[in-house]
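Now for the letters of each chain:
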Amino acid sequence: METRTFYPDLGTDLVRRMTEGKGEKYFVLTLGCQQNEADSERIRGMAEAMGYSAAKEPEEASLIVVNTCAIRRHAELKALSIVGRFKAIKTARPETVIGICGCMAAEPHMVEHIKKNFHFVTFTLEPNRLFRLPELVAAALLESRRSFVLGEDDGRIAEGLPICRTSDHRAYVSIMYGCNNFCSYCIVPYVRGRERSRESAAVIEECRALIASGVKEITLLGQNVNSYRADMSFASLISRIAELEGDFLIRFMTSHPKDVSDELIEAMKKYKGKIAPSFHLPLQAGSDRILKNMNRTYTTAHYLSIVEKLRAAVPDIVLTTDIIVAFPGETEEDFLGTIKIIEKVEYDMIFSFIFSPREGTKAAKMENTITDEEKSDRMARLLAMQKEIALKKNLPYVDRVERVLVDDEAREGAGNFIGRTAGGKLVRFTDKKRRIGEFIYVKITKATPFDLFGEALNGNSNETIKNETRI
Ligand code: 5AD
Ligand code: SF4
(Lines give C-alpha, C1' and ligand atoms only; values in the text may rest on other atoms or scores of the structure.)
(Ligands and ions follow the chains in the order given, each with its own letter.)
Protein backbone atom coordinates (compact mmCIF):
# COMPACT_ATOMS: atom_id res chain seq x y z
CA MET A 1 0.00 0.00 0.00
CA GLU A 2 1.32 3.42 -0.91
CA THR A 3 2.26 5.56 2.04
CA ARG A 4 3.47 8.67 0.23
CA THR A 5 2.79 11.67 2.39
CA PHE A 6 0.62 14.60 1.43
CA TYR A 7 -1.65 17.37 2.76
CA PRO A 8 -3.94 18.78 0.11
CA ASP A 9 -5.46 21.77 1.86
CA LEU A 10 -8.53 22.89 -0.06
CA GLY A 11 -10.31 25.11 2.41
CA THR A 12 -8.21 26.91 5.01
CA ASP A 13 -7.76 30.16 3.07
CA LEU A 14 -11.41 30.26 2.00
CA VAL A 15 -12.63 29.92 5.59
CA ARG A 16 -10.01 32.32 6.86
CA ARG A 17 -11.37 35.05 4.59
CA MET A 18 -14.84 34.48 6.08
CA THR A 19 -13.75 34.44 9.70
CA GLU A 20 -11.38 37.45 9.40
CA GLY A 21 -12.02 40.02 12.13
CA LYS A 22 -15.19 38.32 13.39
CA GLY A 23 -13.76 36.70 16.54
CA GLU A 24 -15.13 33.31 15.58
CA LYS A 25 -14.44 30.50 18.07
CA TYR A 26 -14.06 26.72 18.00
CA PHE A 27 -14.70 24.02 20.58
CA VAL A 28 -13.27 20.50 20.32
CA LEU A 29 -14.47 17.71 22.59
CA THR A 30 -12.32 14.59 22.73
CA LEU A 31 -13.41 11.08 23.71
CA GLY A 32 -11.39 7.86 23.52
CA CYS A 33 -7.69 7.18 23.44
CA GLN A 34 -4.42 9.10 23.06
CA GLN A 35 -4.67 8.70 19.29
CA ASN A 36 -7.82 10.80 19.43
CA GLU A 37 -6.15 13.34 21.71
CA ALA A 38 -3.36 13.63 19.15
CA ASP A 39 -5.93 14.00 16.34
CA SER A 40 -7.73 16.68 18.34
CA GLU A 41 -4.48 18.67 18.50
CA ARG A 42 -4.54 18.59 14.70
CA ILE A 43 -8.22 19.58 14.60
CA ARG A 44 -7.43 22.56 16.83
CA GLY A 45 -4.40 23.36 14.66
CA MET A 46 -6.56 23.41 11.54
CA ALA A 47 -9.27 25.46 13.30
CA GLU A 48 -6.70 28.10 14.32
CA ALA A 49 -5.30 28.15 10.78
CA MET A 50 -8.87 28.85 9.59
CA GLY A 51 -9.01 31.90 11.85
CA TYR A 52 -10.94 30.49 14.81
CA SER A 53 -9.74 30.89 18.38
CA ALA A 54 -10.40 28.53 21.32
CA ALA A 55 -13.75 28.83 23.13
CA LYS A 56 -14.14 27.93 26.80
CA GLU A 57 -17.70 26.68 26.35
CA PRO A 58 -19.42 25.13 23.31
CA GLU A 59 -22.11 27.86 23.49
CA GLU A 60 -19.53 30.48 22.45
CA ALA A 61 -18.33 28.49 19.44
CA SER A 62 -19.38 28.66 15.81
CA LEU A 63 -17.36 25.53 15.02
CA ILE A 64 -17.92 22.52 17.28
CA VAL A 65 -16.13 19.22 16.68
CA VAL A 66 -16.71 16.02 18.64
CA ASN A 67 -13.87 13.52 18.27
CA THR A 68 -15.50 10.18 19.00
CA CYS A 69 -14.50 6.65 20.04
CA ALA A 70 -16.12 3.37 18.97
CA ILE A 71 -14.18 0.83 21.00
CA ARG A 72 -17.16 -0.22 23.13
CA ARG A 73 -20.91 0.41 23.00
CA HIS A 74 -20.63 2.62 26.05
CA ALA A 75 -18.21 4.98 24.25
CA GLU A 76 -20.65 5.37 21.37
CA LEU A 77 -23.65 6.02 23.59
CA LYS A 78 -21.66 8.68 25.43
CA ALA A 79 -20.71 10.36 22.16
CA LEU A 80 -24.29 10.32 20.88
CA SER A 81 -25.59 11.83 24.09
CA ILE A 82 -22.95 14.58 24.00
CA VAL A 83 -23.68 15.37 20.35
CA GLY A 84 -27.40 15.45 21.20
CA ARG A 85 -26.79 18.26 23.67
CA PHE A 86 -25.44 20.46 20.86
CA LYS A 87 -28.80 20.47 19.09
CA ALA A 88 -29.94 23.39 21.23
CA ILE A 89 -26.91 25.43 20.15
CA LYS A 90 -27.71 24.80 16.48
CA THR A 91 -31.35 25.79 17.07
CA ALA A 92 -30.29 29.04 18.76
CA ARG A 93 -27.62 29.81 16.15
CA PRO A 94 -28.29 27.93 12.88
CA GLU A 95 -24.99 29.06 11.33
CA THR A 96 -23.04 26.92 13.86
CA VAL A 97 -21.00 24.18 12.17
CA ILE A 98 -21.15 20.91 14.11
CA GLY A 99 -18.85 18.08 13.04
CA ILE A 100 -18.23 14.51 14.16
CA CYS A 101 -14.76 13.06 13.70
CA GLY A 102 -13.03 10.02 15.14
CA CYS A 103 -13.74 6.33 15.00
CA MET A 104 -17.54 6.52 15.09
CA ALA A 105 -17.41 8.62 11.95
CA ALA A 106 -15.85 5.62 10.19
CA GLU A 107 -18.71 3.23 10.97
CA PRO A 108 -21.17 3.10 8.03
CA HIS A 109 -24.22 2.31 10.21
CA MET A 110 -23.35 5.16 12.59
CA VAL A 111 -22.87 7.68 9.78
CA GLU A 112 -26.24 6.61 8.34
CA HIS A 113 -27.85 7.05 11.77
CA ILE A 114 -26.38 10.55 12.18
CA LYS A 115 -27.29 11.58 8.64
CA LYS A 116 -30.94 10.54 9.16
CA ASN A 117 -31.55 11.42 12.80
CA PHE A 118 -29.11 14.20 13.69
CA HIS A 119 -30.02 16.88 11.13
CA PHE A 120 -28.18 19.51 13.14
CA VAL A 121 -24.86 17.74 12.50
CA THR A 122 -23.08 19.42 9.58
CA PHE A 123 -20.50 16.77 8.77
CA THR A 124 -18.95 13.45 9.70
CA LEU A 125 -15.30 12.84 8.83
CA GLU A 126 -13.47 9.51 9.09
CA PRO A 127 -10.13 9.69 10.98
CA ASN A 128 -7.83 8.93 8.04
CA ARG A 129 -9.17 11.92 6.07
CA LEU A 130 -8.84 14.46 8.88
CA PHE A 131 -7.03 16.86 6.54
CA ARG A 132 -10.35 17.47 4.72
CA LEU A 133 -11.76 19.36 7.73
CA PRO A 134 -11.21 22.89 6.29
CA GLU A 135 -12.87 21.84 3.04
CA LEU A 136 -15.97 20.61 4.88
CA VAL A 137 -16.19 23.79 6.95
CA ALA A 138 -15.88 25.84 3.74
CA ALA A 139 -18.67 23.78 2.07
CA ALA A 140 -20.90 24.35 5.08
CA LEU A 141 -20.28 28.10 5.24
CA LEU A 142 -20.45 28.80 1.50
CA GLU A 143 -23.14 26.36 0.39
CA SER A 144 -24.80 25.21 3.63
CA ARG A 145 -23.71 21.76 2.52
CA ARG A 146 -23.72 18.71 4.81
CA SER A 147 -20.86 16.26 4.14
CA PHE A 148 -20.26 12.65 5.10
CA VAL A 149 -16.70 11.54 4.36
CA LEU A 150 -16.47 7.75 4.55
CA GLY A 151 -14.60 4.95 2.78
CA GLU A 152 -12.04 7.23 1.14
CA ASP A 153 -8.95 5.91 2.97
CA ASP A 154 -6.22 5.23 0.40
CA GLY A 155 -3.51 4.25 2.90
CA ARG A 156 -1.58 7.50 2.69
CA ILE A 157 -0.53 9.74 5.55
CA ALA A 158 -1.19 13.46 5.57
CA GLU A 159 2.05 15.07 6.78
CA GLY A 160 2.42 18.67 7.82
CA LEU A 161 -1.02 19.35 9.32
CA PRO A 162 -0.92 22.27 11.73
CA ILE A 163 -0.84 21.12 15.37
CA CYS A 164 -2.05 23.08 18.38
CA ARG A 165 -0.56 21.18 21.33
CA THR A 166 -2.26 21.14 24.72
CA SER A 167 0.92 20.93 26.82
CA ASP A 168 4.30 22.67 26.66
CA HIS A 169 6.16 19.83 28.35
CA ARG A 170 4.43 16.65 27.19
CA ALA A 171 3.79 15.80 23.54
CA TYR A 172 2.22 13.03 21.51
CA VAL A 173 3.95 12.05 18.30
CA SER A 174 1.98 9.70 16.05
CA ILE A 175 4.38 7.36 14.29
CA MET A 176 1.99 4.90 12.69
CA TYR A 177 -1.69 4.64 12.03
CA GLY A 178 -4.12 1.75 11.64
CA CYS A 179 -3.98 -1.92 12.45
CA ASN A 180 -3.60 -5.21 10.54
CA ASN A 181 -4.18 -7.60 13.42
CA PHE A 182 -7.95 -8.10 13.32
CA CYS A 183 -8.32 -9.26 16.91
CA SER A 184 -11.77 -10.79 16.68
CA TYR A 185 -13.37 -8.37 19.20
CA CYS A 186 -11.88 -5.15 17.88
CA ILE A 187 -13.35 -2.40 15.73
CA VAL A 188 -10.04 -0.55 15.21
CA PRO A 189 -8.93 -2.22 11.94
CA TYR A 190 -12.33 -1.33 10.45
CA VAL A 191 -12.36 2.30 11.55
CA ARG A 192 -8.66 3.18 11.37
CA GLY A 193 -7.73 1.12 8.29
CA ARG A 194 -4.55 -0.78 7.48
CA GLU A 195 -1.19 -0.10 9.12
CA ARG A 196 0.94 2.67 7.68
CA SER A 197 4.08 4.19 9.20
CA ARG A 198 5.51 7.67 8.92
CA GLU A 199 8.99 8.12 7.48
CA SER A 200 11.56 7.92 10.28
CA ALA A 201 13.19 11.20 9.25
CA ALA A 202 9.90 13.09 9.75
CA VAL A 203 9.36 11.48 13.18
CA ILE A 204 12.90 12.14 14.38
CA GLU A 205 12.80 15.75 13.19
CA GLU A 206 9.47 16.31 14.97
CA CYS A 207 10.95 14.90 18.20
CA ARG A 208 14.12 16.97 17.83
CA ALA A 209 12.10 20.16 17.39
CA LEU A 210 9.87 19.32 20.37
CA ILE A 211 12.85 18.70 22.64
CA ALA A 212 14.48 21.91 21.43
CA SER A 213 11.28 23.78 22.34
CA GLY A 214 11.43 22.44 25.92
CA VAL A 215 9.26 19.32 25.75
CA LYS A 216 10.32 16.85 28.45
CA GLU A 217 8.23 13.83 27.62
CA ILE A 218 7.37 12.42 24.20
CA THR A 219 4.83 9.65 23.78
CA LEU A 220 5.15 7.79 20.49
CA LEU A 221 1.69 6.78 19.38
CA GLY A 222 0.20 4.12 17.20
CA GLN A 223 -2.62 1.58 17.46
CA ASN A 224 0.17 -0.97 17.12
CA VAL A 225 3.12 1.19 17.90
CA ASN A 226 5.79 -1.51 18.00
CA SER A 227 4.88 -2.91 14.60
CA TYR A 228 6.17 0.41 13.20
CA ARG A 229 8.08 -0.31 10.04
CA ALA A 230 9.20 2.29 7.53
CA ASP A 231 12.84 2.56 6.57
CA MET A 232 13.76 1.20 10.01
CA SER A 233 12.26 -0.92 12.82
CA PHE A 234 10.59 0.45 15.94
CA ALA A 235 13.62 -0.53 18.05
CA SER A 236 15.93 1.47 15.73
CA LEU A 237 13.56 4.45 15.64
CA ILE A 238 13.24 4.68 19.42
CA SER A 239 17.04 4.32 19.77
CA ARG A 240 17.61 7.17 17.30
CA ILE A 241 15.21 9.37 19.27
CA ALA A 242 16.86 8.38 22.55
CA GLU A 243 20.20 9.51 21.11
CA LEU A 244 18.93 13.07 20.58
CA GLU A 245 20.54 15.70 22.82
CA GLY A 246 18.60 16.80 25.89
CA ASP A 247 16.94 15.74 29.13
CA PHE A 248 13.71 14.02 28.15
CA LEU A 249 11.76 10.76 28.45
CA ILE A 250 10.22 8.67 25.70
CA ARG A 251 7.06 6.61 26.18
CA PHE A 252 5.10 4.56 23.65
CA MET A 253 1.52 3.27 23.30
CA THR A 254 0.11 0.67 22.50
CA SER A 255 2.18 -2.45 21.94
CA HIS A 256 1.16 -5.88 20.70
CA PRO A 257 3.01 -8.81 22.34
CA LYS A 258 3.75 -10.33 18.93
CA ASP A 259 5.87 -7.27 18.04
CA VAL A 260 7.99 -7.05 21.19
CA SER A 261 11.41 -7.76 19.67
CA ASP A 262 14.59 -8.58 21.57
CA GLU A 263 16.06 -5.44 19.96
CA LEU A 264 13.36 -3.32 21.58
CA ILE A 265 14.04 -4.84 25.00
CA GLU A 266 17.79 -4.26 24.44
CA ALA A 267 17.10 -0.63 23.51
CA MET A 268 15.08 -0.10 26.70
CA LYS A 269 18.02 -1.40 28.70
CA LYS A 270 20.64 0.57 26.77
CA TYR A 271 18.75 3.88 26.87
CA LYS A 272 17.37 3.63 30.40
CA GLY A 273 16.94 7.20 31.57
CA LYS A 274 15.73 8.22 28.10
CA ILE A 275 13.22 5.45 27.38
CA ALA A 276 10.77 5.30 30.30
CA PRO A 277 10.95 2.08 32.37
CA SER A 278 7.34 1.21 31.66
CA PHE A 279 5.51 -1.08 29.30
CA HIS A 280 1.83 -1.32 28.51
CA LEU A 281 1.44 -4.87 27.26
CA PRO A 282 -2.18 -5.91 26.69
CA LEU A 283 -2.75 -9.52 27.72
CA GLN A 284 -6.54 -9.52 27.04
CA ALA A 285 -7.01 -13.05 28.43
CA GLY A 286 -5.07 -15.68 30.33
CA SER A 287 -6.47 -18.72 28.53
CA ASP A 288 -4.81 -20.02 25.36
CA ARG A 289 -8.15 -21.16 24.00
CA ILE A 290 -9.68 -17.70 24.43
CA LEU A 291 -6.54 -16.01 23.05
CA LYS A 292 -6.88 -18.19 19.94
CA ASN A 293 -10.55 -17.21 19.54
CA MET A 294 -9.50 -13.59 20.00
CA ASN A 295 -6.95 -14.07 17.18
CA ARG A 296 -4.21 -12.68 19.39
CA THR A 297 -1.53 -14.99 17.82
CA TYR A 298 0.42 -15.58 21.07
CA THR A 299 0.11 -18.05 23.93
CA THR A 300 0.21 -17.27 27.63
CA ALA A 301 3.62 -18.99 27.79
CA HIS A 302 5.03 -16.67 25.10
CA TYR A 303 3.52 -13.65 26.84
CA LEU A 304 5.13 -14.65 30.15
CA SER A 305 8.49 -15.11 28.43
CA ILE A 306 8.33 -11.48 27.23
CA VAL A 307 7.55 -10.30 30.76
CA GLU A 308 10.53 -12.26 32.03
CA LYS A 309 12.86 -10.72 29.44
CA LEU A 310 11.56 -7.22 30.16
CA ARG A 311 12.10 -7.64 33.91
CA ALA A 312 15.59 -9.06 33.35
CA ALA A 313 16.53 -6.06 31.17
CA VAL A 314 14.78 -3.33 33.20
CA PRO A 315 14.28 -4.66 36.75
CA ASP A 316 12.13 -1.77 38.04
CA ILE A 317 9.89 -1.70 34.94
CA VAL A 318 6.28 -0.61 35.52
CA LEU A 319 3.99 -3.09 33.76
CA THR A 320 0.39 -2.36 32.84
CA THR A 321 -2.13 -4.30 30.78
CA ASP A 322 -5.60 -4.50 29.24
CA ILE A 323 -7.96 -7.37 30.09
CA ILE A 324 -11.27 -8.26 28.49
CA VAL A 325 -13.65 -10.01 30.86
CA ALA A 326 -16.39 -12.34 29.59
CA PHE A 327 -15.29 -12.75 25.99
CA PRO A 328 -17.79 -15.14 24.29
CA GLY A 329 -17.29 -18.66 25.60
CA GLU A 330 -15.12 -17.66 28.57
CA THR A 331 -15.60 -20.36 31.21
CA GLU A 332 -14.86 -20.00 34.92
CA GLU A 333 -11.69 -22.01 34.24
CA ASP A 334 -10.63 -19.60 31.47
CA PHE A 335 -11.24 -16.68 33.78
CA LEU A 336 -9.17 -18.32 36.52
CA GLY A 337 -6.39 -18.58 33.92
CA THR A 338 -6.49 -14.78 33.60
CA ILE A 339 -6.41 -14.40 37.38
CA LYS A 340 -3.43 -16.75 37.56
CA ILE A 341 -1.41 -14.63 35.13
CA ILE A 342 -2.33 -11.43 36.94
CA GLU A 343 -1.09 -13.04 40.18
CA LYS A 344 2.10 -14.15 38.49
CA VAL A 345 2.97 -10.92 36.64
CA GLU A 346 1.79 -8.53 39.37
CA TYR A 347 0.87 -5.61 37.13
CA ASP A 348 1.18 -2.08 38.45
CA MET A 349 -2.14 -1.27 36.82
CA ILE A 350 -4.82 -3.05 34.82
CA PHE A 351 -7.40 -1.55 32.48
CA SER A 352 -10.24 -4.08 32.44
CA PHE A 353 -13.31 -4.10 30.25
CA ILE A 354 -16.38 -6.28 29.93
CA PHE A 355 -16.61 -7.61 26.37
CA SER A 356 -18.79 -5.40 24.18
CA PRO A 357 -19.91 -6.80 20.81
CA ARG A 358 -18.94 -4.46 17.94
CA GLU A 359 -20.93 -4.65 14.72
CA GLY A 360 -18.87 -6.08 11.86
CA THR A 361 -16.33 -7.94 14.02
CA LYS A 362 -16.04 -11.75 14.20
CA ALA A 363 -16.63 -11.93 17.95
CA ALA A 364 -19.93 -10.06 17.65
CA LYS A 365 -21.30 -13.16 15.91
CA MET A 366 -20.02 -15.60 18.54
CA GLU A 367 -22.56 -17.06 20.93
CA ASN A 368 -22.26 -15.53 24.38
CA THR A 369 -24.09 -17.31 27.19
CA ILE A 370 -22.34 -15.61 30.11
CA THR A 371 -24.98 -13.98 32.32
CA ASP A 372 -24.75 -10.34 33.41
CA GLU A 373 -24.31 -11.52 37.01
CA GLU A 374 -21.33 -13.67 36.01
CA LYS A 375 -19.82 -10.78 34.06
CA SER A 376 -20.00 -8.36 36.98
CA ASP A 377 -18.90 -11.03 39.44
CA ARG A 378 -15.75 -11.78 37.39
CA MET A 379 -15.01 -8.10 36.97
CA ALA A 380 -15.41 -7.47 40.72
CA ARG A 381 -13.08 -10.36 41.59
CA LEU A 382 -10.48 -9.11 39.13
CA LEU A 383 -10.64 -5.55 40.47
CA ALA A 384 -10.39 -6.67 44.11
CA MET A 385 -7.36 -8.78 43.37
CA GLN A 386 -5.67 -6.02 41.34
CA LYS A 387 -6.26 -3.50 44.13
CA GLU A 388 -4.25 -5.68 46.49
CA ILE A 389 -1.46 -6.19 43.96
CA ALA A 390 -1.31 -2.48 43.08
CA LEU A 391 -0.88 -1.58 46.75
CA LYS A 392 1.82 -4.22 47.12
CA LYS A 393 3.61 -2.71 44.10
CA ASN A 394 3.30 0.87 45.38
CA LEU A 395 4.26 0.39 49.05
CA PRO A 396 8.02 -0.11 48.38
CA TYR A 397 8.10 3.44 46.94
CA VAL A 398 7.51 4.92 50.40
CA ASP A 399 10.66 6.68 51.69
CA ARG A 400 12.26 6.57 48.24
CA VAL A 401 13.17 9.70 46.29
CA GLU A 402 11.72 9.65 42.79
CA ARG A 403 12.47 11.84 39.79
CA VAL A 404 9.12 13.31 38.80
CA LEU A 405 8.01 15.41 35.85
CA VAL A 406 5.66 18.05 37.28
CA ASP A 407 2.45 18.03 35.30
CA ASP A 408 0.00 20.45 36.84
CA GLU A 409 -1.40 22.04 39.94
CA ALA A 410 -3.61 19.72 41.99
CA ARG A 411 -7.21 20.44 42.89
CA GLU A 412 -6.23 20.80 46.56
CA GLY A 413 -4.94 24.29 45.72
CA ALA A 414 -1.75 26.29 46.37
CA GLY A 415 1.40 24.25 46.93
CA ASN A 416 -0.18 20.97 45.74
CA PHE A 417 0.90 19.40 42.48
CA ILE A 418 0.64 16.26 40.40
CA GLY A 419 3.35 14.63 38.35
CA ARG A 420 4.58 11.27 37.13
CA THR A 421 7.58 9.11 37.92
CA ALA A 422 9.76 7.82 35.09
CA GLY A 423 7.75 4.59 35.25
CA GLY A 424 4.57 6.61 34.79
CA LYS A 425 3.14 6.41 38.31
CA LEU A 426 0.99 9.32 39.40
CA VAL A 427 2.43 11.29 42.32
CA ARG A 428 0.52 13.86 44.37
CA PHE A 429 2.94 16.08 46.23
CA THR A 430 3.52 19.41 47.90
CA ASP A 431 6.18 21.87 46.76
CA LYS A 432 7.21 25.37 47.88
CA LYS A 433 7.78 26.37 44.26
CA ARG A 434 5.66 26.07 41.15
CA ARG A 435 7.82 24.00 38.78
CA ILE A 436 5.40 22.76 36.15
CA GLY A 437 7.18 21.11 33.22
CA GLU A 438 10.38 20.47 35.19
CA PHE A 439 11.96 17.26 36.40
CA ILE A 440 12.22 17.47 40.17
CA TYR A 441 12.87 15.04 43.05
CA VAL A 442 10.04 14.01 45.33
CA LYS A 443 10.32 12.08 48.54
CA ILE A 444 7.47 9.56 48.63
CA THR A 445 5.69 9.54 51.98
CA LYS A 446 2.56 7.48 51.36
CA ALA A 447 1.20 4.94 48.87
CA THR A 448 -2.32 3.80 47.98
CA PRO A 449 -3.21 1.28 45.23
CA PHE A 450 -3.63 4.03 42.65
CA ASP A 451 -1.44 6.96 43.74
CA LEU A 452 1.81 7.89 45.42
CA PHE A 453 2.00 10.90 47.75
CA GLY A 454 5.06 12.93 48.68
CA GLU A 455 6.99 16.12 49.31
CA ALA A 456 9.25 17.82 46.77
CA LEU A 457 12.90 18.24 47.67
CA ASN A 458 13.89 21.86 47.41
CA GLY A 459 17.17 23.71 47.24
CA ASN A 460 20.49 22.14 46.52
CA SER A 461 19.62 18.60 47.42
CA ASN A 462 22.07 16.84 45.15
CA GLU A 463 23.72 15.12 48.08
CA THR A 464 20.42 13.86 49.44
CA ILE A 465 19.49 12.67 45.98
CA LYS A 466 22.76 10.80 45.56
CA ASN A 467 22.20 9.03 48.85
CA GLU A 468 18.55 8.26 48.52
CA THR A 469 17.65 7.87 44.91
CA ARG A 470 17.66 4.50 43.20
CA ILE A 471 17.79 6.07 39.72
N1 5AD B 1 -15.07 -5.05 24.15
C2 5AD B 1 -14.39 -4.79 25.31
N3 5AD B 1 -13.15 -4.32 25.34
C4 5AD B 1 -12.52 -4.08 24.16
N5 5AD B 1 -11.31 -3.62 23.88
C6 5AD B 1 -11.18 -3.54 22.54
N7 5AD B 1 -12.30 -3.97 21.94
C8 5AD B 1 -13.17 -4.32 22.93
C9 5AD B 1 -14.49 -4.83 22.96
N10 5AD B 1 -15.15 -5.10 21.83
C11 5AD B 1 -10.30 -3.29 24.91
C12 5AD B 1 -9.02 -4.10 24.72
C13 5AD B 1 -8.07 -3.07 24.18
C14 5AD B 1 -8.55 -1.82 24.86
C15 5AD B 1 -8.10 -0.55 24.24
O16 5AD B 1 -9.95 -1.92 24.81
O17 5AD B 1 -8.62 -4.56 25.98
O18 5AD B 1 -6.72 -3.37 24.46
FE1 SF4 C 1 -11.49 4.46 20.50
FE2 SF4 C 1 -9.86 2.71 19.33
FE3 SF4 C 1 -10.65 4.82 18.01
FE4 SF4 C 1 -8.95 5.11 20.03
S5 SF4 C 1 -8.58 4.04 18.06
S6 SF4 C 1 -10.71 6.37 19.63
S7 SF4 C 1 -9.74 3.51 21.43
S8 SF4 C 1 -11.92 3.14 18.72
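None of the values given here were measured: they were computed from a predicted structure. (Residues numbered from 1 in each chain as written. Chains lettered and ligands numbered in written order. Predicted model: local features only at pLDDT ≥ 70, side-chain atom pairs only at ≥ 80, totals over all residues. Heavy atoms only, no water.)

(A) Local environment of the packing of aromatic side chains. Within this structure, the stated rule accounts for eight aromatic pairs. Plain terms: the ring middles of F234 and F252 are 5.3 Å apart, the flat faces sit at 70° to each other, and that makes the pair edge-to-face. With F234 in helix α9 (residues 234-242) and F252 in strand β11 (residues 249-253), this pair connects stretches of sequence that are 18 residues apart. With a relative accessible area of 7%, F252 lands in the buried category. Plain terms: the ring middles of F327 and F355 are 5.5 Å apart, the flat faces sit at 75° to each other, and that makes the pair edge-to-face. Linking F327 in the loop between β13 (318-325) and α13 (332-345) with F355 in the loop between β14 (349-354) and α14 (372-394), this pair joins segments that are 28 residues apart in sequence. The burial state of F327 is the same as that of F355; both residues are buried. Clustering of aromatic rings is evident, with ring pairs tying together Y185, F327 and F355. Over the ring of F353 we find R72; its NZ or CZ atom is 3.7 Å from the centre of that ring. Stacked on the ring of F453, the Lys or Arg K446 has its end atom at 4.6 Å from the ring centre. (Phe/Tyr/Trp six-rings, centres within 6.5 Å; stacked < 30°, edge-to-face > 60°. Helix = DSSP H or I, 4+ residues; strand = E, 2+ residues; numbered from the N terminus. Buried < 20%, exposed > 50% of the residue type's maximum accessible area, 1.4 Å probe, protein only. Lys NZ or Arg CZ within 6 Å of the ring centre and 35° of its normal.)

(B) Molecular detail of the domain arrangement of the protein chain. As far as domains go, the protein chain holds domain 1 (6-149), domain 2 (165-393) and domain 3 (398-465). Taking only C-alpha atoms, the centre of domain 1 and the centre of domain 2 are 29 Å apart. Taken together, the 20 residues of domain 1 in the interface contact 23 residues of domain 2. Between domain 1 and domain 2, the buried area comes to about 1,900 Å², and carbon and sulfur atoms account for 49% of it. When residues of domain 1 are sorted by the area they lose upon contact with domain 2, Q35, E41 and R72 head the list and together hold 32% of the total. One can count three salt bridges joining domain 1 with domain 2. Residue E76 pairs with R358 through a salt bridge whose shortest N-O separation is 3.1 Å. Residue assignment for the side of domain 1 that touches domain 2 shows that the elements contributing at least two residues are α2 (34-49) and α3 (73-85). Counting residues per element, the side of domain 1 that touches domain 2 draws most heavily on α2, which supplies nine residues. (Domains from an automatic or database assignment. Contact = heavy atoms within 4.5 Å. Buried area = accessible area lost by both parts, 1.4 Å probe. Salt bridge = Lys/Arg side-chain N within 4 Å of Asp/Glu carboxyl O.)

(C) Structural view of the site of ligand 1. Close contacts around ligand 1 come from I71, R72, Y185, Q284, D322, I324, F353, I354, F355, S356 and R358, and that covers them all. The separation between a nitrogen atom of ligand 1 and a polar main-chain atom of Y185 is 3.1 Å. The contact in question runs from an oxygen atom of ligand 1 to an N or O atom on the side chain of D322, over 2.6 Å. Those elements that provide at least two residues to the shell around ligand 1 are β13 and β14. Its residues assigned to classes, the shell around ligand 1 comprises six nonpolar, two polar and three charged. (Near = heavy atom within 4 Å. Polar contact = N/O pair within 3.5 Å; in protein donor to acceptor, adjacent residues only side chain to side chain. Nonpolar A, V, L, I, M, F, W, Y, C, P; charged D, E, K, R; others polar.)

(D) A look at the site of ligand 2. In the vicinity of ligand 2, the contacting residues are C33, N36, C69, A70, I71, C103, V188, R192 and Q223. For the shell around ligand 2, the residue count by class is six nonpolar, two polar and one charged.

(E) Quick peek at the sheet that holds strand β7 (residues 170-174). Strand order in the open sheet made by the three strands is β7-β10-β11, with parallel pairing throughout. Lying at the two open borders of the sheet, with one neighbouring strand each, are β7 and β11. Strand-to-strand twist across the sheet, computed as the mean angle between neighbouring axes with direction ignored, equals 25°. Pairing of β7 with strand β10 (residues 217-221) involves five bridges; the strand directions are parallel. Each residue of the ladder has a partner; that of A171, found in β10, is I218. Relative to β7, helix α8 (residues 200-212) is tilted by about 170°, and along the sheet it contacts β7 and β10. (Pairing = 2+ DSSP bridges. Axes fitted to C-alpha atoms, helices over the stretch in contact; angles between N-to-C directions.)

(F) A look at the packing of α9 against helix α10 (residues 262-270). It is at 8 Å that the axes of α9 and α10 come closest, and there the two elements cross at 15°. In terms of axis orientation, α9 runs roughly parallel to α10. Crossing handedness for the pair α9 and α10: left-handed. Together, F234, A235, I238 and S239 of α9 and E263, L264 and A267 of α10 make up the contact between the two elements. Here the contact of α9 with α10 is built from residues that sort into five nonpolar, one polar and one charged. (Parallel < 35°, antiparallel > 145°, perpendicular 65-115°, else oblique. Left-handed = near helix turned anticlockwise from the far one by under 90°.)

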